[in-house]
Amino acid sequence: MSADAARRYDVLTIFPGIFRGPLDETILRRALDADLVEIALHDLRDWTHDRHRTVDDYPFGGGPGMVLKPEPIFEAVEAIQPLAEPPASVVLLTPQGRRLDRDLVAELAALPRLLLICGRYEGVDERVRERLVDIEVSVADVVLSGGELPALLLLDALVRRIPGVLGGEASLAEESFEGGLLEYPQYTRPSEFRGWSVPDVLLSGHHAEIERWRRAQRLQRTLDRRPDLLSEADLTPEERDRLESAGGPPA
Ligand code: 9D3
């Protein structure tokens, strides 16, 4: 199996409706239509047994907010796992998880199947984490209302890597984040807009000069905005020297 083998994603949530719009549009839709990926939504309330379809309860020991109860989550995961092969790695979207980055996306993309559990309220019963969850993922050091938007963000990052979704060369380029540098500035027509012109070099037709300009722009931009990326970037020894004498961080 290839490194990017995951093709089925199960999502467990109390808000399956949040996913329907995004999954119906753009790249996710195209990948689903082309059967390049299968995404199955599951409503956690389907595994409750009371009249009110209760998924949460008060925290033992007191404190603010509610906690997702363990029984519906365990029952749901036990019902969802047999729906496909192989068994899914269970991912909990939670503010306490490992922060998502390129490396984590690559690791998750290499797993054959994922079951995403979207956290809500103040959190989930600790026994879910301990006994059911394989990987805990956070998407940013920002407080959000639940795991649904993080799960969509993760799905988007995973699906666009599947060969055939964007074209193999695009995802290969991304593997290295375009050599670890930010992109060069882009322009399209008109060449003059409200008196603001496109840089002359781009209109010159001198391809070698254009390449030189773009490379310099990428280096400068990365130095200005994301110097943290430079240590891992694909730079020539000359570029490294120039950046260091320009006051960049030691690589
Ligand atoms: C008072 C404690 N709360 C604030 C830090 C804890 C808290 C619990 C649950 C805060 C947010 C949430 C809901 N968020 C998620 O489930 C979540 C999340 C996020 O908030 N930020 C980044 N990634 C993620 S993944 C899931």
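Look above for the structure.
Figured I'd write up the structure that's included with this text. (Residues numbered from 1 in each chain as written. Predicted model: local features only at pLDDT ≥ 70, side-chain atom pairs only at ≥ 80, totals over all residues. Heavy atoms only, no water.)

## Examining helix H4 (residues 102-109)
- Those residues of H4 lying buried are Leu 104, Val 105, Leu 108 and Ala 109. Down the axis of H4, the sector holding all buried residues measures 135°, keeping them to one side.
- In the core, the buried residues of H4 are packed alongside strand E5 (89-99), strand E6 (113-118), strand E8 (135-138) and helix H6 (148-159).
- Where H4 starts, the residue carrying a side-chain oxygen 3.2 Å from the main-chain nitrogen of Asp 103 turns out to be Asp 101. (Buried < 20%, exposed > 50% of the residue type's maximum accessible area, 1.4 Å probe, protein only. Helix = DSSP H or I, 4+ residues; strand = E, 2+ residues; numbered from the N terminus. Arc of directions from axis to C-beta. Contact = heavy atoms within 4.5 Å. Polar contact = N/O pair within 3.5 Å; in protein donor to acceptor, adjacent residues only side chain to side chain.)

## Re the site of the ligand
- Around the ligand, the surrounding shell holds 17 residues, and the nearest of these are Tyr 121, Glu 122, Val 139, Val 142 and Leu 144.
- Taking Val 139, its main chain carries an N or O atom lying 3.1 Å from a nitrogen atom of the ligand.
- At 2.8 Å from an oxygen atom of the ligand is found a main-chain nitrogen or oxygen belonging to Leu 144.
- In the complex, the protein chains occlude 74% of the 560 Å² of accessible area that the ligand would expose alone.
- Of the pockets mapped on this structure, the ligand occupies the second largest pocket.
- Put simply, the parts of the chain that give the shell around the ligand at least two residues each are E5 and E8.
- Ranked by residue count, the leading element in the shell around the ligand is E5, at 3 residues. (Near = heavy atom within 4 Å. Areas by Shrake-Rupley, 256 points an atom, 1.4 Å probe, with all protein chains shown as cover. 1 Å grid on protein atoms, 1.4 Å probe; cavity = no way out; pocket = protein on both sides within 12 Å on 5 of 7 lines; lining within 4 Å. Sits in = over half its atoms within 2 Å of the grid points.)

## Brief notes about the pairing of E5
- Two elements, E5 and E6, share 5 bridges in a ladder whose sense is parallel. Its bridge partner lying in E6, Val 91 is registered against Leu 116.
- Traced from E5 through H4 to E6, the parallel crossover comes out right-handed.
- Across 5 bridges, E5 lies against E8 in parallel orientation. Along E8, the bridge assignment pairs Val 91 with Ile 135. (Pairing = 2+ DSSP bridges. Right-handed = clockwise from strand over helix to strand, strands pointing away.)

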